[in-house]
Amino acid sequence: MIEIIVLILVAAFILEASLEQLNQGSALKKPDPLVADLYDKSGREKSISYGAERNRLSLISGAFSLSLLILALTFGWFAELDRFISNSINNELIISLIFIGLLSVISWWISLPFTLYSTFSIEKRYGFNKTTPKLFISDSIKGTLVSLVIGGPVLALVIWLYQEFQESFWIYAWFLVAAVSLFMFMFGTKLILPLFNKLTPLPNGALKTAISNYCDSQGYSLKNLYVMDGSKRSTKANAFFSGLGKSKTIVLFDTLISKLTQDEIVAVLAHEIGHYKKRHTLASFIASNFQTFAIFALFGWALQYEELSVALGAETPSFHLSALTFFILLTPLQILLGLLNNSLSRKNELAADTFAAETYKRAPMRSALSKISTDSLSNLTPHPLYVAFNYTHPPLVARLRNVG
Ligand SMILES: [Zn+2]
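Residues numbered from 1 in each chain as written. Predicted model: local features only at pLDDT ≥ 70, side-chain atom pairs only at ≥ 80, totals over all residues. Heavy atoms only, no water.

Here we come to the overall build of the chain. A count of helical and extended segments in the chain gives 17 helices and four strands. In terms of overall size, the chain behaves like a compact globule, its C-alpha atoms giving a radius of gyration of 23 Å where 404 residues would be expected to give roughly 22 Å. Oriented by its inertia axes, the alpha-carbon framework of the chain measures out at about 65 × 45 × 40 Å. A burial count over the chain gives 44% of its 404 residues as buried. Across the chain, contacts joining residues at least 24 apart in sequence account for 75% of those joining residues at least 6 apart. (Helix = DSSP H or I, 4+ residues; strand = E, 2+ residues; numbered from the N terminus. Rg over C-alpha atoms; globule rule 2.2 N^0.38 Å. Buried < 20%, exposed > 50% of the residue type's maximum accessible area, 1.4 Å probe, protein only. Contact = heavy atoms within 4.5 Å.)

Quick look at the layout of surface pockets now. There is about 870 Å³ of room inside the second largest pocket. In terms of lining residues, the second largest pocket is bounded by 28 residues, among which Ser 65, Leu 66, Leu 68, Leu 69 and Ser 107 are the most central. Secondary structure elements with two or more residues in the lining of the second largest pocket: helix H1 (2-26), helix H2 (41-74), helix H3 (77-88), helix H4 (92-125), helix H13 (319-329), helix H14 (331-359) and helix H16 (384-390). When residues in the lining of the second largest pocket are grouped by element, the largest group, seven residues, is from H2. Of the residues contributing to the lining of the second largest pocket, the split by class is 20 nonpolar, seven polar and one charged. (1 Å grid on protein atoms, 1.4 Å probe; cavity = no way out; pocket = protein on both sides within 12 Å on 5 of 7 lines; lining within 4 Å. Points joined across faces, edges and corners; volume = space filled by probe spheres on them. Nonpolar A, V, L, I, M, F, W, Y, C, P; charged D, E, K, R; others polar.)

Around the zinc ion, the protein supplies His 271 (NE2), His 275 (NE2) and Glu 349 (OE) as donor atoms, at distances of 2.0 to 2.1 Å. Read N to C, the donor residues that coordinate the zinc ion are spaced as H-x3-H-x73-E. Pair noted here: His 271 and His 275 are both in helix H10 (residues 262-277), with a separation of four residues, about one helical turn. Residues His 271 and His 275 agree in their burial class; the two are buried. (Donors = N, O, S within 2.8 Å, 3.2 Å for Na, K, Ca; no water.)

Let's shift gears to the environment of Tyr 226. Positionally, Tyr 226 belongs in strand E2 (residues 225-228). With residues near it in sequence (within four places) discarded, Tyr 226 still touches Lys 190, Leu 199, Thr 200, Pro 201, Thr 249, Ile 250, Val 251 and Leu 252.

A word on the packing of aromatic side chains. Applying the stated criterion to the full structure yields 25 aromatic pairs. Taken together, a centroid distance of 5.6 Å and an interplanar angle of 65 degrees make the contact between Phe 120 and Phe 136 edge-to-face. Note that Phe 120 is positioned in helix H4 and Phe 136 in helix H5 (residues 133-165), a separation of 16 residues in sequence. The exposure class assigned to Phe 120 is partly exposed, which follows from its relative accessible area of 25%. When its relative accessible area of 15% is taken as the criterion, Phe 136 is described as buried. Taken together, a centroid distance of 5.2 Å and an interplanar angle of 70 degrees make the contact between Trp 170 and Phe 293 edge-to-face. Of this pair, Trp 170 sits in helix H6 (residues 169-191) while Phe 293 sits in helix H11 (residues 280-302), placing them 123 residues apart in sequence. With relative accessibility at 18%, the residue Trp 170 sits in the buried group. Ring-pair connections join several aromatic residues into one group, and the members of that group are Tyr 162, Phe 169, Phe 299, Phe 319, Phe 326 and Phe 327. A cation over a ring is seen here: Lys 236 above Phe 128, with NZ or CZ 4.6 Å from the ring centre. Lying across the ring of Tyr 220, Lys 248 places its NZ or CZ 5.0 Å from the centre. (Phe/Tyr/Trp six-rings, centres within 6.5 Å; stacked < 30°, edge-to-face > 60°. Lys NZ or Arg CZ within 6 Å of the ring centre and 35° of its normal.)

A general tendency of soluble globular proteins is for nonpolar side chains to be buried together. One finds Ile 211, Tyr 214, Ile 250, Leu 252, Leu 256, Leu 269 and Ile 273 to be the most contacted residues of the largest nonpolar core, which totals 47 residues. Looking at which element gives the most residues to this core, the answer is H10, with seven residues. Ignoring anything within four residues of it in the chain, the contact list for Ile 273 reads Tyr 214, Cys 215, Tyr 220, Ile 250 and Phe 355. Counting residues in each nonpolar core, the second largest holds 22 residues, with Val 158, Ala 178, Phe 296 and Phe 319 among its members. (Core = buried A, V, L, I, M, F, W, Y, C linked by side-chain atoms within 4.5 Å.)

So, on to the pairing of strand E4 (residues 249-253). Burial within E4 is extensive, with five of its five residues counted as buried. When strand E3 (residues 239-242) meets E4, the two strands line up antiparallel, connected through four bridges. Residue Ser 242 lies in a different strand from E4, and its bridge partner there is Thr 249. Counted between consecutive antiparallel strands, the loop separating E3 from E4 contains six residues, among which Gly 243 sits at a positive phi close to 90 degrees. (Pairing = 2+ DSSP bridges.)

With that settled, consider the pairing of E2. Regular strands place side chains that alternate from one sheet face to the opposite one. Of the two faces of E2, the one carrying Leu 225 and Val 227 and the one carrying Tyr 226 and Met 228 are both buried. Sheet analysis places strand E1 (residues 199-201) next to E2, joined by three bridges and oriented antiparallel. Counterpart to Leu 199 in the pairing with E2 is Met 228. The pairing of E2 with E4 spans four bridges and is parallel. Counted as the bridge partner of Tyr 226 is Val 251 from E4.

This next bit is on the sheet that holds E1. Across a sheet, strands are paired by hydrogen bonds formed along the backbone, either parallel or antiparallel in direction. The strand order across the open sheet formed by four strands is E1-E2-E4-E3, and the pairing between neighbours is mixed. Strands with a single pairing partner mark the edges of an open sheet, and in this sheet they are E1 and E3. The sheet shows a mean angle of 30 degrees between the axes of neighbouring strands, taken without regard to direction. (Axes fitted to C-alpha atoms, helices over the stretch in contact; angles between N-to-C directions.)

Turning to its location among the elements, Thr 374 is positioned in helix H15 (residues 362-375). Separated by 3.4 Å, the side chain of Thr 374 and the backbone oxygen of Lys 371 make a polar contact. Residues within four places of Thr 374 in sequence aside, it is in contact with Leu 38 and Tyr 39. (Polar contact = N/O pair within 3.5 Å; in protein donor to acceptor, adjacent residues only side chain to side chain.)

Dropping the structure here:
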């Protein structure tokens, strides 16, 4: 069993590393005439070296975590940690909670040097980073508290359901997780986002009038439109749509507003409204719940096999050790699901672009897409395989061609 686990982890890493390499080579290709003029010589060089640096960091960090994980599996460190906790605590539920909590803390610390290097070295040198060390620390503390407050009780309930219902626990657990994600989907932007960012209503003025006119023409009620101070972390521009029904919300980053013209901003907003009108958010929410349903069903079935815990070196099976093995074994399926979800998402992005071009204007949609891409130094010639595995949005050339 341990050989299969290691094989899966190594294969997944090789796949990821090969895709990164392919993409790195592809970045040097001659861009399509449609986007050839977007970078000048130095801009293009900057974009290539930015991609290369991020690629290198992700390979090093991936190789580092893989090596640690293989060491932990080979030397039975997970079972060791389990024995260590069980020695001082009797309650199965608490043992599982502490085990999973400790693993999350350890993996956070392992990734910390890489996150720090990415934020304070790479992003800073290319002029993107605005996060101060103080903000980084407060973000980390708040992030931990949010996952404790929301994730802790959900996890405790899932484990309790397992102890109560054994094989059939997964259906109740899925129901619980689906209910929590519905709640987060509807109210996450209202409840969680303000802990990290300031959301302010768009002030009255020419931009607001232009946006209101467009929204009226589409019969879209503009109750929740906010400007977010994204500039406190990064200069990169963004916008997103969230929620359902009355909770539907559009958030524009202040960086987007400062970089784009009025027409371009309305085009981006039209794209977000396109996601709503075409029911993309609802559809992907439903699709993701179907996927968790299938994963929970598999999980419930797999938990009856003690081998999952024994493989990690444990004498007595436990929920947390079996869960750990199960989710590693699930990696190939998750890669496949990622391919499927990304392809669906890219299709929706094109549909939202079309919606914006048809219901608003083509030219500003095109220039907004070009500006956002080049401003974030994105690779204009990504490798198609890399795109299939990693891109939730189509490459710029595909989007421009689609807008027409
Ligand atoms: Zn979109």
